[in-house]
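# An overview of the molecular structure
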Amino acid sequence: MDFYTTLNNGTKMPRLGLGTWKAPAEKTKEAILTAVKAGYRLIDCANDYDNEHVIGEALQELFAAGVVKREELFIQAKLWNSNHRPEHVKPDLMKTLEDLQLDYIDSFVIHWPQAVPSTGKICTLRPNGCFPAHHSKNSMFPLDDEGYYCADMESHYVETWAAMEDLVDQGLTKTIGLSNFNKRQVEEVLLAAKKYKPAVLQNESHPYLHEKDLRDYCEIHNIAFQAYSALGSADRPWRLTGSITSGAPKTGHEVLSHPDIVKIAEKHGKTTANVVLRWHIQMRGTLCCKSVTPSRIVDNFKVWDFSLDSDDMAIIDKMNVGWRHLLWAETSMHPDYPFKDSLPWDYKLQKPGVGATAGAK
């Protein structure tokens with residue numbers, strides 16, 4: 001399986017990248033340095049992760065030391081939910097470029113389809129605060145007077161996409177894409193795109209959530225499917241409490257501790273993470289996996305010297321129970337919320353709770 005996949009404009013994108021969601025700023029720099037030196041060439045960023053400024057420091061250190069050249073890296077960033085209004089799209093990216101200390105990025109994706117949390121009135125950026133606060137504070141997670149997320153009900157992602165297309169023409173990003181969009185929403189963007197179609201769709205996927213239909217749809221339309229939470233996110237902040245998905249996955253095991261995955265790992269002399277990452281690659285997909293532990297970052301990249309056989313793939317195929325850990329149901333009041341079919345029939349809107357900011361993947 002090739003190290004790279006080719007996007008719909010001819011740009012080469014590494015299949016395996018380092019994720020930075022939930023990576024504390026004080027540990028992110030070392031993680032980036034370790035990853036690039038270990039062979040990673042894709043770094044997945046987002047302004048609401050509150051660590052892009054540290055990633056920028058790491059990148060400049062790598063460039064100065066001659067470890068890697070800018071053109072050898074694929075840097076991906078995301079448009080935040082509060083900045084969907086067309087006039088706020090470019091300022092969002094410009095701050096990311098400032099923090100990353102770059103002139104351009106390789107992929108810029110709309111983080112979520114719904115303009116929540118958002119007032120739609122101002123462009124909110126990392127220095128404003130990456131935490132829930134009353135809308136008068138202008139943080140990236142504005143709350144109304146009752147403590148619920150603010151929602152910009154007059155904003156729709158098709159209008160946002162038109163502004164995203166302008167960024168490609170301006171040379172600020174090589175490609176544009178989507179994240180956390182469902183199939184109908186992806187189709188709507190494809191139909192509305194005037195010049196540039198989505199190159200990447202980044203959605204949650206792992207052995208408990210294969211997203212086969214969505215993967216096939218993307219392949220048909222020449223969109224690279226990129227998995228986040230590729231290893232199941234056992235470190236999710238709401239694992240124990242704070243979300244309607246809190247508690248153990250439907251299988252009763254975290255992905256990396258599933259007995260069948262453990263057996264496959266032992267069979268190949270690999271880690272369970274290696275097995276899951278290799279599964280993603282053999283599913284013809286791309287992925288990002290996060291770690292701030294140097295030894296794990298290095299170990300996770302050791303997926304190019306073995307293959308899963310048909311029996312291994314068949315075993316993992318039976319794990320597809322449709323378990324989605326990231327619903328972020330507190331934003332479901334918006335008509336563009338993507339996962340309404342996954343919410344309980346009697347769900348009532350809740351205020352942000354445990355892991356409120358980390359829930360913004």
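Check the entry above for the structure.
Residues numbered from 1 in each chain as written. Predicted model: local features only at pLDDT ≥ 70, side-chain atom pairs only at ≥ 80, totals over all residues. Heavy atoms only, no water.

Before going further, it helps to spend a moment on the packing of helix α4 (residues 157–169) against helix α5 (residues 183–192). Axis separation between α4 and α5 bottoms out at 10 Å; the angle between their running directions is 50°. As far as their axial angle goes, α5 and α4 are oblique. As α4 runs across α5, the sense of the crossing is right-handed. Residue-level inspection shows Tyr157, Val158 and Trp161 of α4 in contact with α5, the latter providing Arg184, Gln185, Glu188, Val189 and Ala192. Across the contact of α4 with α5, the residue classes break down as five nonpolar, one polar and two charged. (Axes fitted to C-alpha atoms, helices over the stretch in contact; angles between N-to-C directions. Helix = DSSP H or I, 4+ residues; strand = E, 2+ residues; numbered from the N terminus. Parallel < 35°, antiparallel > 145°, perpendicular 65-115°, else oblique. Left-handed = near helix turned anticlockwise from the far one by under 90°. Contact = heavy atoms within 4.5 Å. Nonpolar A, V, L, I, M, F, W, Y, C, P; charged D, E, K, R; others polar.)

Turning our eyes to something else, we now look at helix α7 (residues 259–268). Because each turn of an α-helix spans 3.6 residues, side chains separated by three or four positions end up pointing in the same direction. Among the residues making up α7, those that are buried are Ile261, Ile264 and Ala265. On an axial view of α7, the arc spanned by its buried residues comes to 100°, and they lie on one face. Exposed side of α7, more than 90 degrees from the buried face: Lys263 and Glu266 are the residues found there. Buried positions along α7 lie against α8 (272–282) and α10 (310–317). Glycine 269 sits one or two positions beyond α7 and adopts a positive phi of about 70°. (Buried < 20%, exposed > 50% of the residue type's maximum accessible area, 1.4 Å probe, protein only. Arc of directions from axis to C-beta.)

Our focus in this paragraph is the sheet that holds strand β3 (residues 16–19). Strand order in the closed barrel formed by eight strands is β3-β4-β5-β6-β9-β10-β11-β12, with parallel pairing between adjacent strands. Averaged over all pairs of adjacent strands, the angle between strand axes in this sheet comes to 30°, irrespective of strand direction. Sheet analysis places strand β5 (residues 74–79) next to strand β6 (residues 105–110), joined by four bridges and oriented parallel. Its bridge partner being in β6, lysine 78 is matched across the sheet by valine 109. Across the sheet, helix α3 (residues 86–100) touches β5 and β6, and the angle it forms with β6 is around 135°. (Pairing = 2+ DSSP bridges.)

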